[in-house]
Amino acid sequence: MSGMFSWQVVHGGKTPPPGESVGPHERMSWGRTAGIGAQHVVAMFGATFVFPVVMGLDPNLAILFSGVSTIIFLLVVKNAVPSYLGTSAAFVAGVAAIRGQGGDSAEVTGSILVAGLMLLAIGVVVHFTGAGVLKKVLPPAVTGAVVMLIGFNLAPVVAGIYWPQDQWVGLTVAVFMVIGTVLFPGFWGRISVFLGLVFGFVLSWILDVTIGGLTRVAEDGSEMVVDRVNFAGLSDAAWFGLPSATLADGVSAIHAPSFSLTFVLLVIPGVIALMAENVGHVRAVAEMTGDDLDPYMGRALGADGFATALASAFGGAPTTTYAENIGVMSATRIYSTAAYYVAAIFAIILGLCPKFGVIINAIPGGVLGGVTLVLYGMIGLIGAKIWVDNGVNFSKPGNMVPLAAGLIAGIGGVSLKVTDTFELGGIAFGTLLVVVLYHLVNFRKSPANTPKEDSTFV
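Please read these numbers as outputs of a predicted model, since none were measured by experiment.

## Structural notes on the overall build of the protein chain
Then, number 1: Along the backbone of the protein chain there are 19 helices and eight strands.
Then, number 2: Sequence-distant contacts, at least 24 apart, represent 79% of the contacts inside the protein chain between residues at least 6 apart.
Then, number 3: With an accessible surface of roughly 19200 Å², the protein chain has 67% of that area assigned to carbon and sulfur atoms.

## Describing the layout of surface pockets
Then, number 1: Of the voids in this model, the second largest pocket is the one considered here, and its volume is about 750 Å³.
Then, number 2: At the level of elements, α1 (30–55), α3 (92–100), α7 (155–162), β4 (214–217), α15 (354–361) and α16 (365–389) are the ones that each hand at least two residues to the lining of the second largest pocket.

## Details of the confidence of the model for the protein chain
Then, number 1: Put simply, the protein chain has an average pLDDT of 80, and 89% of its residues get 70 or more.
Then, number 2: Averaged pLDDT values for the elements of the protein chain fall to 43 in helix α19 (residues 451–455) and rise to 93 in helix α12 (residues 297–313).
Then, number 3: Contacts of residues 446–458 to residues separated by more than four positions or lying in other chains number 42 contacts, the stretch itself having pLDDT below 50.

## Notes on the side chain of N442
Then, number 1: The topology assignment puts N442 in the loop between α18 (426–441) and α19.
Then, number 2: For N442, a relative accessible area of 14% gives the class buried.
Then, number 3: At 2.9 Å, the side chain of N442 forms a polar contact with the backbone oxygen of G398.
Then, number 4: If sequence neighbours within four positions are ignored, N442 has contacts with K396 and G398.

## Let's talk about unusual backbone geometry
Then, number 1: For K78, which is not a glycine, the phi torsion comes out positive at approximately 55°.
Then, number 2: As for its position among the elements, K78 is in the loop between α2 (59–76) and β3 (85–87).
Then, number 3: Overall, the relative accessible area of 44% leaves K78 in the partly exposed class.
Then, number 4: The phi dihedral of N79 falls on the positive side, at around 60°, and the residue is not glycine.
Then, number 5: The buried category is assigned to N79, whose relative accessible area is 0%.

## Considering the nonpolar core
Then, number 1: Within the largest apolar cluster, 106 residues are counted, with the highest numbers of intra-cluster contacts made by F51, F91, V371 and Y376.
Then, number 2: Examining the composition of this core, we find that 13 residues originate from one element, helix α11 (residues 261–289), more than from any other.
Then, number 3: The residues touching F51, leaving out its near neighbours within four places in the chain, are T87, S88, A89, V92, Y322, L375, Y376 and I379.
Then, number 4: Core analysis: the second largest hydrophobic core is formed by six residues, V10, M28, I36 and A339 among them.

## Considerations on the packing of α3 against helix α4 (residues 105–129)
Then, number 1: Packing of α3 against α4 brings their axes to within 10 Å, and their N-to-C directions diverge by 140°. Taken as axis vectors, α3 and α4 run oblique relative to one another. Crossing angle aside, the handedness with which α3 passes α4 is right-handed. For the pair formed by α3 and α4, the contact residues are V95, I98 and R99 on the first element and S105, V108, S111 and I112 on the second.
Then, number 2: Residue classes in the contact of α3 with α4 are distributed as four nonpolar, two polar and one charged.

## Things to note about the side chain of T319
Then, number 1: Structurally, T319 can be placed in strand β6 (residues 319–321).
Then, number 2: Residue T319 is classed as buried on the basis of its relative accessible area, which comes to 2%.
Then, number 3: Polar side-chain contacts of T319 include one of 2.9 Å to the side chain of D304.
Then, number 4: Setting aside chain neighbours within four positions, we find T319 in contact with S69, L85, G86, T87, S88, L274, D304, A307 and T308.

## Notes on the pattern of salt bridges
Then, number 1: In the structure shown here, the tally under the stated rule is two salt bridges.
Then, number 2: The salt bridge involving D249 is made with R99; its shortest N-O contact spans 3.1 Å. Within this pair, whereas D249 is found in the loop between β5 (223–226) and α11, its partner R99 is found in helix α3, the two being separated by 150 residues in sequence.
Then, number 3: Among the residues examined, D249 registers a relative accessible area of 33% and is labelled partly exposed.
Then, number 4: With a relative accessible area of 27%, R99 lands in the partly exposed category.
Then, number 5: A salt bridge links K385 to D389; its shortest N-O distance comes to 2.7 Å. Residue K385 and its partner D389 are located together in helix α16, separated by four residues, close to a single helical turn.
Then, number 6: Of the residues examined, D389 reaches a relative accessible area of 37% and is grouped as partly exposed.

## Observations regarding the packing of helix α6 (residues 140–152) against α11
Then, number 1: Closest axis-to-axis distance for the α6/α11 pair is 9 Å, and the angle between their directions is 120°. Classified by the angle their axes make, α6 and α11 are oblique. As α6 runs across α11, the sense of the crossing is left-handed. Only P269, G270, I272, A273 and A276 of α11 make contact with α6, whose side of the interface consists of T143, V146, V147 and I150.
Then, number 2: Looking at the contact of α6 with α11 residue by residue, the classes come out as seven nonpolar, two polar and no charged.

Cut-offs applied
Residues numbered from 1 in each chain as written. Predicted model: local features only at pLDDT ≥ 70, side-chain atom pairs only at ≥ 80, totals over all residues. Heavy atoms only, no water. Helix = DSSP H or I, 4+ residues; strand = E, 2+ residues; numbered from the N terminus. Contact = heavy atoms within 4.5 Å. Areas by Shrake-Rupley, 256 points an atom, 1.4 Å probe, with all protein chains shown as cover. 1 Å grid on protein atoms, 1.4 Å probe; cavity = no way out; pocket = protein on both sides within 12 Å on 5 of 7 lines; lining within 4 Å. Points joined across faces, edges and corners; volume = space filled by probe spheres on them. pLDDT = per-residue confidence, 0-100. Buried < 20%, exposed > 50% of the residue type's maximum accessible area, 1.4 Å probe, protein only. Polar contact = N/O pair within 3.5 Å; in protein donor to acceptor, adjacent residues only side chain to side chain. Core = buried A, V, L, I, M, F, W, Y, C linked by side-chain atoms within 4.5 Å. Axes fitted to C-alpha atoms, helices over the stretch in contact; angles between N-to-C directions. Parallel < 35°, antiparallel > 145°, perpendicular 65-115°, else oblique. Left-handed = near helix turned anticlockwise from the far one by under 90°. Nonpolar A, V, L, I, M, F, W, Y, C, P; charged D, E, K, R; others polar. Salt bridge = Lys/Arg side-chain N within 4 Å of Asp/Glu carboxyl O.

See the structure below:
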């Protein structure tokens, strides 16, 4: 194990000169490595605590387990694949469906735990058999459609829950995020989610001070004015300790999961999205570093699956490899896994600070409305990006027609009543249609498929 934590010091411990890089098994001085680790924390931070908030889970616990999960991932891949495991957005739509059907947080985490174990099993199979089976069962046409319906299925969550709380703040934050992501230089554009949250927080506080709070209707029908930003409980919260809050549905932040087959089926599409994210991440890192990382594909999938199951077993949020941190590596050309261990330790420390959790939970609903308006749409369009990057040919009816049916079923909330007590609907039904219908009409290799579409997964 000593060799696992031995990194070769390169460039005299200094920042590499232009055109040079620091490899996964190399590092700079520990001071500079800590600085890069801090950048990785900032890059992952916004999305990692926003998604638990919108799923109704504890963001402090999510931050804590993101650090633990990152360390697990690095150990499993033997430090060959630099990656940070933040909160996954792949399950947000499934969780919304579970809560819409009356499920509580324990049933949410129970369903995600099963999904994590499924991904772990898939990783083991891929490790011993190779990634060929993934290419056959989940070609880019299918993967892109599933990711797209996961993102676009969330549109009603934005419109019905967050946006109405403070529409003008939501619109302002959304505009800020769009401008920041596209026009801010380098690293600043990569952390636009975090900057958007800070901007919205400050804007909401200024509005509270200058024009007053928002009018809300109480349960008894009376009107009351409430501040957008509420730090109630901050002074009483400890500086250090395990997350101990009670979630909105009355379940403790740290809790044991419970299981329902109906709810498990609602989150299975998230497994497909996690597979696409992990495979894409490994290949992106391989392209940047010039290393052959295909032998680590199964390890990466299995590690993420295990980390997701472990986090969910304690009430935490699901995890995935983060594109935000790929952005940091791309900008700095520093791929040292030592920096990721530092980032993970920072995250664990933050997760063990209850005061930090109170601040996160004080994010105004209007701010979340603006952030989710952009983020959920981006999730959906990642599906389209998978199609474009892999040259999926939509002049071929075998691609166009089955995917169209599945997308409308998933995004539109179409349901199929199987028995009096069991019903398939939303993204679960849409995913099933996409996979089954696609293979029903493409069971034989067609000359119309492009070589690129046949030869790659994402």
